[in-house]
Amino acid sequence: MAGIGVCAIEDIAVSVLGTVIGHQPDKGWILIDAGWMAMSRDRGTAKQAVDQGYGLVCDIDGQPLNDLILSEANQEHGIITVRPGSTAALPEMPIGTRLRILPNHACATGAQHDSYHVVRGQSDKIEAVWPRFGGW
């Protein structure tokens, strides 16, 4: 929705918390423990002016990080890269760094989980857990 102007990036309320689990600097990759099972397989932004891959990478407080996207995903692992065409550098992130990934399709991402962990603003303190229903 942010990509088509319906809302701003700051309005996105859903994120997936992922952790840096490895690096492949020769490939320009940061590996995290959130793949398509956490994010969904939806690549809805692929045809937009700015492709966000599987999601926009943010720090733990939800601030976007210099053109980093979750560019690839397998079942359990995600690959963070610099967005194609960007001049940004891949930052050094120690293993264990926690990141928030803003999904390109909140509904499909939410469907991958059995509950939402509610935090207020830039806090990582869980204030509530909202179960979600499943099935059609």
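Residues numbered from 1 in each chain as written. Predicted model: local features only at pLDDT ≥ 70, side-chain atom pairs only at ≥ 80, totals over all residues. Heavy atoms only, no water.

Before going further, it helps to examine the environment of Gly 3. When you line up the elements, Gly 3 lands in the segment before β1 (16-24). With 71 residues separating them along the chain, Gly 3 and Asn 74 place their C-alpha atoms 24 Å apart. (Helix = DSSP H or I, 4+ residues; strand = E, 2+ residues; numbered from the N terminus.)

By secondary structure assignment, the location of Ser 71 is in strand β4 (residues 64-73). In terms of polar contacts, Ser 71 uses its side chain to reach the side chain of Thr 81, at 2.9 Å. (Polar contact = N/O pair within 3.5 Å; in protein donor to acceptor, adjacent residues only side chain to side chain.)

All right, on to the pattern of salt bridges then. Pairs may arise between side chains of opposite charge once their charged atoms sit close together. Under the counting rule described, the total for this entry stands at one salt bridge. The salt bridge partner of Asp 67 is Arg 83, with a shortest N-O separation of 3.1 Å. Residue Asp 67 is located in strand β4, and its partner Arg 83 is located in the loop between β5 (78-82) and β6 (98-103); the two are separated by 16 residues in the primary sequence. (Salt bridge = Lys/Arg side-chain N within 4 Å of Asp/Glu carboxyl O.)

We now examine the side chain of Asn 104. Mapped onto the secondary structure, Asn 104 falls in the loop between β6 and α2 (106-110). Polar side-chain contacts of Asn 104 include one of 2.4 Å to the backbone oxygen of Gly 53.

In this section: the sheet that holds β6. Read around the barrel, six strands follow the order β1-β2-β5-β4-β3-β6 and close on themselves; strand pairing throughout is antiparallel. Averaged over neighbouring strand pairs, the angle between their axes works out to 45° when direction is ignored. Alignment of strand β3 (residues 55-58) against β4, held across two bridges, turns out to be antiparallel. Within the sheet, the bridge partner assigned to Cys 58 lies in β4 and is Pro 64. (Pairing = 2+ DSSP bridges. Axes fitted to C-alpha atoms, helices over the stretch in contact; angles between N-to-C directions.)

Just geometry here; none of it tells us what the structure is for.
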